[in-house]
Amino acid sequence: MQIHLIAIGKRMPEWVNTAYADFSRRMPAECRLKLTEIPAAKRTRSADINRVLRQEGERMLAAIPKGAEVVALDVDGRPWSTGELASQLQDWMQQGGDIALLVGGPEGLAPACRARASRRWSLSRLTFPHPLVRVILAEQLYRATTILRNHPYHK
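Presented here is a report on the structure given in the accompanying data block. Residue numbers here run from 1 along each chain, matching the order of that chain's written sequence. Local features in a predicted model are, by the rule used here, given only for residues with pLDDT of at least 70; side-chain atom pairs are given and counted only at 80 or more, and totals for whole chains, interfaces and linings are based on all residues. The basis for every side-chain value is the complete set of non-hydrogen atoms in the structure, without hydrogens or water.

### Focus: the sheet that holds strand β5 (residues 119–122)
To be explicit about the condition: Strands qualify as paired when DSSP identifies two bridges or more between them. The way it works is that DSSP assigns letters per residue, a run of H or I at least four long becomes a helix, a run of E at least two long becomes a strand, and they are numbered from the N terminus. Lines fitted to C-alpha atoms define the axes here, with helix axes fitted over just the stretch in contact, and angles between the N-to-C directions of these axes take values from 0 to 180 degrees. Contacts are assigned to residue pairs that have any heavy atoms within 4.5 Å of one another.
Ordered by their spatial adjacency, five strands build an open sheet running β2-β1-β4-β3-β5, and the pairing between neighbours is parallel. The open sheet has two edge strands, β2 (32–38) and β5, and neither has a second partner. Direction aside, neighbouring strands of the sheet carry axes that sit 35° apart on average. The pairing of strand β1 (residues 2–8) with β2 spans seven bridges and is classified as parallel. Residue Ile8 lies in a different strand from β2, and its bridge partner there is Ile38. Here helix α3 (residues 82–95) sits on the sheet in contact with β1, β3 (69–79), β4 (99–103) and β5, set at roughly 165° to β3.

Dropping the structure here:
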């Protein structure tokens, strides 16, 4: 199984790249984490936000691997505890198919991306900067694997 993190934005601060790479590298072979960066659409003061979201959404949908289960990261999604994430990860690993996690840009996800998702997951009721979401996701996925392996990291 592979977890595809499909996220808007290409130029991240070095601390984001370093932290993401660190947790991604720690993931076990049976559930590798792969980042696909989607270029953000050009934003200007007069930009049509609906057009921007539609363009980004089209690129995100095109990046979803065939047959992958799609999970949209969305503030209105269902929150999971770390234990619930570990349980969900175990279910995904038993099913064996790939997972695609969609992370939107500053305006969130395109409606088409939310519609394509089989579930919506909220990391928090707080709003996080989208670069930080990459790090949080990678760390929480790694933490979930340590729970499944009874590794002391979670303690």
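### Comments concerning the packing of α3 against helix α5 (residues 130–148)
Our working rule: Angular relationships are summarised with four words: roughly parallel below 35 degrees, roughly antiparallel beyond 145, roughly perpendicular across 65 to 115, and oblique for the angles in between. Think of it as three bins: nonpolar holds Ala, Val, Leu, Ile, Met, Phe, Trp, Tyr, Cys and Pro, charged holds Asp, Glu, Lys and Arg, and polar takes everything else, Gly as well.
The interhelical angle for the contact between α3 and α5, taken along N-to-C directions, is 80°, at an axis separation of 8 Å. When the interaxial angle is binned, α3 and α5 end up roughly perpendicular. Here α3 contributes Thr82, Leu85, Ala86, Leu89, Gln90 and Met93 to the contact with α5, which in turn contributes Gln140, Leu141, Arg143, Ala144, Thr145, Ile147 and Leu148. For the contact of α3 with α5, the residue count by class is eight nonpolar, four polar and one charged.

Any functional reading would require information beyond the geometric quantities listed.
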